[in-house]
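# Per-entry structural report
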Amino acid sequence: MPASTQPDVMDKLVSLSKRRGFIFQSSEIYGGTGSVWDYGPLGVELKKNIKDQWWKSMVRMRDDVEGLDAAILMHPRTWEASGHVAGFTDPLVDCKTCKGRFRADKLEDARCPQKPSKRPGEAEQCQLTEPRMFNLMFRTFMGPVEESASTVYLRPETAQGIFVNFLNVQQSTRQKVPFGIAQIGKAFRNEITPGNFIFRTREFEQMEMQFFVEPGTDMTWFEFWKAERMRWHQSLGLSPDRLNFHAHAGTELAHYARAAFDIEYDFGGTLGFQEIEGIHNRGDFDLSRHQEFSNKKLEYFDQPNNKRFLPYVIETSVGADRTTLAALVNAYREETVEGEDEGRTVLRLHHALAPIKAAVFALTKKEGMPDMAHRIAGDLRHHFPVDYDETGSIGKRYRRQDEVGTPYCITVDTESVKDGTVTVRDRDTLKQDRIGADAVRGYLQERLPA
Ligand code: GAP
């Protein structure tokens, strides 16, 4: 894949994320856990906003999609039926010289750790083993005895919790096909080559929706969901020119898929366009396999037409962490500011995603300014996540908020105490409005999404 024309901001984001409390290396004081990350105070808000927006558009705003929260630990037969025990493998090669491990099918994207200008296997000293298949599922034990009968897996995708609950949800909600089931939850994959910050990790969150349809109508629904999901990414501010569809051809298709497209985002630098979401036509692969392995009928009864059938499934599957990374990359800017020597770093996050919606400043700690600013912040807190700050120069405080993407800053100054007005500064236009303190909430409510 050719390098992107967009800048590589990954190292800058890793550093900003740690400094400002978005994302930390997991278990950092012990030297870190490989490719596992913790979300700090601002990161947890950002990722939660992404998950809330997904839930709102996929479940709350639709009467044909129901929500679910299935357990991570499932009956081990689930993963035999799904094909994961036999087939969820990547070909692994080891280098006997540098002890590096690489995916045999992705060697062209990898670098020799000892000679980064070469690919693994290309340098003179490389000694690659023959590829061996490596199952990506994490195994653990249910109950106190470590015996094979109690082996369970950490789910590698949330989708299977939806398939096994298909009839439970359909019958309890009296939904008629076509309808969908959506859930957000953790998934685990023992990736051979994780990396690129939170792009590919071993523990991550998925937002998945399975839409059950009558066979024959599947490609129409496939096209519907493809368009709908692209619209969602754009609605949250991802630049249209950094998004595209990638069609899976023949050998790229997963074992369950009749058709598949990825939505890709251009992360910049050498990473370039990469998958953030998969849209798959899974046919009746999953329901028929679960029917076979469980010996339970999973057919849908179409009462008006008096017929039974196994629905086909259109799946939309997006990573919450990957979307968080795309949102951060998309928002990151280094800008010059007119009339100021120092430029600014700003996260131009969509207002719906910004972790803090407004910051309230007291210009100085005197003349009743902090009291008034605290009162305003206290009122706004009932409605939005708000930050209060009274330290450092006002310029520095603006910069701190720009860097974490806060859309509005409200300043209480000497005049405020006299006439009850405050300034509201817009992150993107840098324009300042002077308005009555009692009008601040309405002003923000008009400009921030509900
Ligand atoms: N149920 C289908 C499924 O899981 P997938 O393409 O393997 O499909 C869907 O995964 C999405 O989950 C990806 O587009 C990506 O956003 C996210 N994802 C998958 N593996 C990941 C990993 N190791 N780290 C972070 N996100 C991952």
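The structure this text deals with has already been given above.
Bear in mind that the values here come from a model prediction, so they are computed numbers and not experimental data.

## Some remarks on the nonpolar core
Nonpolar side chains in soluble globular proteins tend to end up buried together. In this structure, F22, W54 and F267 are the most contacted members of the largest nonpolar core, which totals 54 residues. Looking at this core, the element that brings in the most residues is helix α9 (residues 320-331), giving seven residues. If we skip the residues at most four places from it in the chain, F267 touches P7, F199, R242, G272, Q274, I276, R322, L325, A326 and V329. If you look at the next biggest cluster of nonpolar residues, it comprises 23 residues, including A373, A377, I435 and V440.

## Quick word on the sheet that holds strand β19 (residues 358-362)
Pairing within the open sheet is mixed, and its five strands lie in the order β20-β19-β21-β22-β23. Two strands in the sheet have a free side with no partner beyond their single neighbour: β20 (386-389) and β23 (432-436). Between one strand axis and the next, the sheet turns by 25 degrees as a mean value, whatever way the strands run. Pairing geometry for strand β21 (residues 408-412) and strand β22 (residues 421-426), over four bridges, is antiparallel. Residue pairing across strands places T411 opposite T423, the latter belonging to β22. Helix α11 (residues 394-404) rests against β19, β20, β21, β22 and β23 of the sheet, and its axis sits at about 165 degrees to β19.

## A look at the sheet that holds strand β6 (residues 132-135)
Sheet architecture is open: three strands sit in the order β5-β4-β6, paired in antiparallel fashion. Every interior strand has two partners, whereas the edge strands, β5 (101-103) and β6, have only one. Shown here is a sheet whose adjacent strand axes are inclined to one another by a mean of 50 degrees, direction ignored. Where strand β4 (residues 89-94) and β5 come together, three bridges link them in antiparallel fashion. Directly across from V93, in β5, lies its bridge partner F102.

## Some remarks on the packing of aromatic side chains
Taken as a whole and assessed by the stated rule, the structure comprises 17 aromatic pairs. Relative to W55, the ring of W54 lies with its centre 6.4 Å away and its plane at 45 degrees, an arrangement referred to as tilted. For W54, a relative accessible area of 0% corresponds to the buried category. Aromatic pair F222 and F261: ring centres 6.0 Å apart, planes at 50 degrees, arrangement tilted. Pair noted here: F222 is in helix α7 (residues 218-235) and F261 is in strand β12 (residues 259-266), with a separation of 39 residues, a long-range link. What makes F222 buried here is its relative accessible area of 0%. Directly above the aromatic system of F199 lies the positively charged group of R322, at a separation of 3.8 Å from the ring centroid.

## Some remarks on the pattern of salt bridges
Applying the stated criterion across every chain, the model contains 38 salt bridges. Measuring nitrogen to oxygen at the nearest pair gives 3.0 Å for the salt bridge that ties R344 to D402. Separated by 58 residues along the polypeptide, R344 in strand β18 (residues 344-347) and D402 in helix α11 bring together distant segments of the chain. Both residues of the pair, R344 and D402, count as buried. Bridged by salt links that share partners, the residues E335, R344, R348, R399, D402, R425, R427 and D428 form one connected network.

Rules and cut-offs
Position numbers for residues start from 1 in each chain and track the written sequence from start to end. The predicted nature of this model means local features are confined to residues of pLDDT at least 70 and side-chain atom pairs, given and counted, to a pLDDT of 80 or more, with totals for whole chains, interfaces and linings taken over all residues. For the side-chain quantities, the full set of heavy atoms in the structure was used; hydrogens and water were omitted. Residues belong to a common nonpolar core when they are buried Ala, Val, Leu, Ile, Met, Phe, Trp, Tyr or Cys residues joined through side-chain atoms within 4.5 Å. Classification of residues uses two cut-offs on accessible area relative to the type maximum, computed with a 1.4 Å probe and protein chains only: under 20% is buried, over 50% is exposed, and between them is partly exposed. The helix and strand labels rest on DSSP assignments: H or I over at least four residues marks a helix, E over at least two residues marks a strand, and numbering proceeds from the N terminus. It only takes one pair of heavy atoms within 4.5 Å for two residues to be counted as in contact. Strand pairing is assigned whenever DSSP detects at least two bridges linking the two strands. Every axis in this analysis is a line fitted to C-alpha atoms, fitted for helices over the stretch in contact. Angles between the N-to-C directions lie between 0 and 180 degrees. Here the aromatic set is Phe, Tyr and Trp, taking the six-membered ring for Trp, and pairing holds for ring centres within 6.5 Å; pairs whose planes are under 30 degrees apart are stacked, those over 60 apart are edge-to-face, and all others are tilted. Any Lys NZ or Arg CZ that is within 6 Å of a ring centre and within 35 degrees of that ring's normal is treated as a charge sitting over the ring. For salt bridges, the criterion is a side-chain nitrogen of Lys or Arg within 4 Å of an Asp or Glu carboxyl oxygen.

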